[in-house]
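Examining the three-dimensional arrangement
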Amino acid sequence: MSVLTDVATTIHDLRREVCVLHEQLTRYQLVVWTAGNVSARVPGHALMVIKPSGVSYDDLTPENMVVCDLEGRVVDGDLAPSSDTQAQAYVYREMPHVGGVVHTHSTYATAWAARGEPVPCVLTMCADEFGGEIPVGPFAVIGDDSIGRGIVETLRGSRSPAVLMRNHGVFSVGPSARAAVKAAVMAEDVARTVHVARQLGEPLPIEPPVVDALFDRYQNVYGQAPQQTHQTQQEGTTP
Ligand SMILES: O=C(CO)[C@@H](O)[C@@H](O)COP(=O)(O)O
């Protein structure tokens, strides 16, 4: 298979994957109207596949996904790419292990972002998926790579695959677009549960060594196969 045929096949498959993954954002009620997006890196190429801006999730198709280079320029597609293309392209440029990025304004996680408060690690599921608190990134205005810079600066110092961008919403990453969607789903669930707990009293912390053990088990033992995750990819370690 020629390189051109190979990348064409990869892009065809990613168009379908990215399109279908948007159904998870509505399924788990992480978005309203068109206020969220999913992208995937084209492995081995300075390219990404991302949702078209402002298009209803019901109208998304593999064919209307937009292919951009990692400067955010459209390479293939008839529609304008997501508003977050620059931000996500920056993440792909600066974090080579990231294969997928998701953005939502999911209610509970965004409420923590509005307060600029990280979600504390007081649940085993938070330790499992985030390896500690869900951190807050700086306030940044959409349109250039400011948001991307804030995402990278924050995630580089954390095991978390999700960041709460202050006054804005959730950005999550993963070795694949599906993993990034999972992180967004889990971030909202943890944010909601901790919010509820705090209405009834002060949640109890989990000791750091226990957080480490829970994170290691979940990332390397849970499920059916060792997982390449945001953390293991950052460390270049393999389970
Ligand atoms: O957060 C924002 C705007 O503040 C955008 O990411 C959101 O509305 C989704 O925009 P797109 O439809 O992906 O361009």
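Reading guide: rules and limits
Residues numbered from 1 in each chain as written. Predicted model: local features only at pLDDT ≥ 70, side-chain atom pairs only at ≥ 80, totals over all residues. Heavy atoms only, no water. Near = heavy atom within 4 Å. Polar contact = N/O pair within 3.5 Å; in protein donor to acceptor, adjacent residues only side chain to side chain. Areas by Shrake-Rupley, 256 points an atom, 1.4 Å probe, with all protein chains shown as cover. Salt bridge = Lys/Arg side-chain N within 4 Å of Asp/Glu carboxyl O. Helix = DSSP H or I, 4+ residues; strand = E, 2+ residues; numbered from the N terminus. Expected span 1.5 Å × (residues − 1). Buried < 20%, exposed > 50% of the residue type's maximum accessible area, 1.4 Å probe, protein only. Contact = heavy atoms within 4.5 Å. Phe/Tyr/Trp six-rings, centres within 6.5 Å; stacked < 30°, edge-to-face > 60°.

A closer look at the site of the ligand
Contacts to the ligand come from 14 residues, most closely from Ser53, Ser82, Ser83, Asp84 and His105. Here an oxygen atom of the ligand and a backbone polar atom of Gly54 are 2.8 Å apart. Taking Asp84, its side chain carries an N or O atom lying 2.2 Å from an oxygen atom of the ligand. Relative to its unbound accessible area of 380 Å², the ligand is 80% covered by the protein chains.

Here we look at the pattern of salt bridges
Throughout the structure, instances matching the rule amount to 12 salt bridges. Close ionic contact of Glu94 with Arg156 constitutes a salt bridge, the shortest N to O distance being 3.5 Å. Taken together, the residues Glu94 in helix α2 (residues 85-94) and Arg156 in the loop between α5 (146-155) and β7 (162-165) connect sequence positions 62 residues apart.

A word on helix α1 (residues 3-27)
End to end, α1 covers 36 Å across 25 residues, agreeing with the expected 36 Å (1.5 Å per residue, within 8%). Buried within α1 are the following residues: Val7, Ile11, Leu14, Arg15, Val18, Cys19, Leu21, His22, Gln24 and Leu25. On its buried face, α1 sits against β1 (37-42), β2 (47-50), β3 (66-69), β4 (74-76), β5 (100-104) and α6 (177-200). Among the residues trailing α1, Gln29 stands out with phi positive, at a value near 55°.

Overview of the packing of aromatic side chains
A full pass over the atoms with the stated rule returns 1 aromatic pair. Seen in terms of ring centroids, Tyr218 and Tyr222 are 4.6 Å apart; in terms of plane orientation they differ by 20°. Their pairing is stacked. Among the residues examined, Tyr218 registers a relative accessible area of 7% and is labelled buried.

Observations concerning unusual backbone geometry
Positioned with a positive phi, Gln29 is a non-glycine residue whose angle comes to about 55°. By secondary structure assignment, the location of Gln29 is in the loop between α1 and β1. Even without glycine at this site, Trp33 takes up a positive phi of about 55°. Among the structural elements, Trp33 can be located in the loop between α1 and β1. Residue classification places Trp33 among the exposed residues on the basis of a relative accessible area of 78%.

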